[in-house]
Amino acid sequence: PASLCGIWEIISNTNFEGYMTALINPYLRKIAMNLKLRKIIEQHGDQFIIKTMSTFRNYTIAFKVGQEFKEFTKGLDNRHMKSLVRWEGNKLVCEQIGEKKNRRWIHWIEDDKLHLQELFCEGQVCKQVF
Ligand code: RET
């Protein structure tokens, strides 16, 4: 599998507001809009720890590719999901099954940058580059 290891600083964030509109209240949204996000990815084979860091709050997930895990988006939208990550070529794809339809994210490396695309059912697509 590809390596996504590293400390990644955000360089662009497209339609983060749209994505958050589907998930959280306007108050939290306003705070989140102004955060400079950083991803810290630790990877040993198919075992991952992904930390989304900010001065306001951090969000961490740990999983093994191909193994369903219970995800609770603590401090984000506080929802419970069953999540499953798998490789699609060199892309890391996560399906998040829960209250929100078509919730998923995709990670990949391109031109030495970390791309993160988070999709949403209501047609919202947020695209972040680190
Ligand atoms: C923070 C701060 C509080 C408000 C919001 C946040 C958003 C976090 C997001 C994390 C996504 C993580 C993913 C990890 C997968 O590798 C920073 C917790 C809204 C959107 C997709």
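Residues numbered from 1 in each chain as written. Predicted model: local features only at pLDDT ≥ 70, side-chain atom pairs only at ≥ 80, totals over all residues. Heavy atoms only, no water.

## Some remarks on the environment of Gly89
Next, step 1: In this structure, Gly89 sits in the loop between strand E7 (80-88) and strand E8 (91-98).
Next, step 2: Since its relative accessible area comes to 60%, Gly89 is described here as exposed.
Next, step 3: With 19 residues separating them along the chain, Gly89 and Trp108 place their C-alpha atoms 9.7 Å apart. (Helix = DSSP H or I, 4+ residues; strand = E, 2+ residues; numbered from the N terminus. Buried < 20%, exposed > 50% of the residue type's maximum accessible area, 1.4 Å probe, protein only.)

## So, the site of the ligand
Next, step 1: Not every one of the 18 residues close to the ligand is listed here, only the nearest: Lys39, Ile50, Thr52, Trp105 and His107.
Next, step 2: Here an oxygen atom of the ligand sits 3.0 Å away from a polar atom, N or O, in the side chain of His107.
Next, step 3: Listed by contribution, the elements that provide at least two residues to the shell around the ligand are helix H1 (16-21), strand E4 (47-53), strand E5 (59-64) and strand E9 (103-110).
Next, step 4: Broken down by class, the residue content of the shell around the ligand amounts to 12 nonpolar, three polar and three charged. (Near = heavy atom within 4 Å. Polar contact = N/O pair within 3.5 Å; in protein donor to acceptor, adjacent residues only side chain to side chain. Nonpolar A, V, L, I, M, F, W, Y, C, P; charged D, E, K, R; others polar.)

## Side note on the sheet that holds strand E2 (residues 12-14)
Next, step 1: Read from one edge of the open sheet, seven strands run E2-E11-E10-E9-E8-E7-E6, paired in antiparallel fashion. Looking at which strands have only one partner, the edges of the open sheet turn out to be E2 and strand E6 (69-72). Here the strands of the sheet are splayed against their neighbours by 20° on average, with no regard to which way each runs.
Next, step 2: With seven bridges joining them, E9 and strand E10 (residues 113-119) adopt antiparallel strand pairing. Bridging across to E10, Trp105 finds its partner in Glu118. (Pairing = 2+ DSSP bridges. Axes fitted to C-alpha atoms, helices over the stretch in contact; angles between N-to-C directions.)

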